[in-house]
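# Residue-level structure breakdown
Here's the letter readout for the chains.
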Amino acid sequence: MWWATLKLAVRNLLLHKMRSSLTLLGTILGVASVIAMLSIGEGSKQDALDRIRGLGANNVIVRTLQPASKSAKNGGGSSQSSMVTTSRYKINAYGLTYTDLRALRQIPTSDSVVPVMMKRQNVSHQRHRMAQTRIVATTPELQDVREIRVRRGRFLQDRDSESMSNVAVLADGAASALFGFNDPLGEPILIQGTAFRVIGVLEPRDSGVARAGETEGGDANQDIFIPLDTGRARFGFLAREG
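Residues numbered from 1 in each chain as written. Predicted model: local features only at pLDDT ≥ 70, side-chain atom pairs only at ≥ 80, totals over all residues. Heavy atoms only, no water.

## Examining the pattern of salt bridges
To keep it simple, the criterion reads: Take a side-chain nitrogen of Lys or Arg and a carboxyl oxygen of Asp or Glu: if they are within 4 Å of each other, that pair is a salt bridge. The helix count covers DSSP runs of H or I at least four residues long, the strand count covers runs of E at least two residues long, and both are numbered beginning at the N terminus.
Going through the model one piece at a time under the given rule, you end up with 5 salt bridges. Of the charged contacts, one joins Arg151 and Asp172 as a salt bridge, the two residues approaching to 2.9 Å between their closest N and O atoms. Taken together, the positions of Arg151 in strand β5 (residues 150-153) and Asp172 in helix α7 (residues 172-179) put the pair 21 residues apart, joining distant regions of the chain.

Printed below as a string of structure tokens:
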């Protein structure tokens, strides 16, 4: 019975070769399209998960944005800033403060709270120049939070910030731009005219544009890391106490 049915089906297929070929081709293309779309979707999902994993799936980034300018406010914009008066100056202060940092550290579910202050400065070493490079002033805990890997030397340590040492850790791209194929460890660099000694070079990372959570959308391979208190003292990273 089954054998007779199979022979009849094969005979019908052979009688209509063009129709059978088109049907078979449509089936093949349809299945291949579904498989391709599923593969692309799964690949995109995995790539997104890898980016989140690189940042840390449990990390929460709290950023400070500069308020609108005076002209923007006159046009109807709003500002979150307040005036801080000193003996000689009035400073338009805004954003997160060290009081906020202490409050965040009191959250019982947080494992680590890492302050990061950024400013763009001109950096040079001999005839090599980097214009408006992102200077990241932070604490040693950032290495674990962002899973930063050091290729040579070391990352920032607590004693660097306590003594306000002029030391710097270069991302891979910054080291290449300033030193080429030369060894940067122990060498001086000038950040906005202030001398810093290179103590470490990082492993290459994905571009900040492609990596989730990288701040300011810049290239993480061009960053230069310095101690938090050094950044406050040397370059005027503004922070207010309560």
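## Thoughts on unusual backbone geometry
Phi at Gln126 takes a positive value of approximately 55 degrees, unusual for a residue other than glycine. Among the secondary structure elements, Gln126 is positioned in the loop between β3 (116-125) and β4 (128-138).

## Here's the deal with a nonpolar patch on the surface
To keep it simple, the criterion reads: A residue counts toward a patch only above 30% relative accessible area and without a salt bridge, and it is joined to like-charged neighbours within 9 Å or, for Val, Leu, Ile, Met, Phe, Trp and Tyr, to nonpolar neighbours within 5 Å. Working definition of accessibility: Shrake-Rupley area with a 1.4 Å probe, residue cover restricted to the visible protein chains. Only protein chains enter the accessibility calculation, which uses a 1.4 Å probe. A residue is then buried if its area is under 20% of the maximum for its type, exposed if over 50%, and partly exposed in between.
Together, Val60, Val62, Leu96, Leu104 and Ile107 make up a nonpolar patch on the protein surface, roughly 430 Å² of accessible area in all. Along the polypeptide, Val60 turns up in the loop between α2 (17-55) and α3 (70-74). Classification of Val60 by relative accessible area gives exposed; the value is 73%.

## Observations regarding the pairing of strand β8 (residues 194-202)
The side chains of a regular strand alternate between both faces of the sheet. Spelled out, the test is: Two strands qualify as a pair provided DSSP detects at least 2 bridges between them.
Relative to β8, β5 runs antiparallel, the two sharing 3 bridges. Bridge assignment links Gly153 to a residue of β8, and that residue is Gly200. Relative to β8, strand β6 (residues 167-170) runs parallel, the two being bridged by 4 bridges. Within β8, the position partnered with Leu170 by the bridge is Val201. With 4 bridges connecting them, strand β7 (residues 188-191) and β8 associate as antiparallel partners. Along β8, the bridge assignment pairs Ile191 with Thr194. Linking two consecutive strands that pair antiparallel, namely β7 and β8, is a turn of 2 residues; a positive phi of about 50 degrees is found at Gln192 within it.

## Considering the environment of Gly200
The line we're drawing: In this description, contact between two residues means that some pair of their heavy atoms is separated by no more than 4.5 Å.
Its location among the elements puts Gly200 in strand β8. Judged by relative accessible area, Gly200 falls into the buried class, the value being 0%. Considering only alpha carbons, one finds Gly200 and Ala171, 29 residues apart in sequence, at a separation of 8.6 Å. Gly200 has contacts with Arg152, Gly153, Arg154, Ala168, Val169, Leu170 and Leu185, leaving out every residue within four places of it along the chain.

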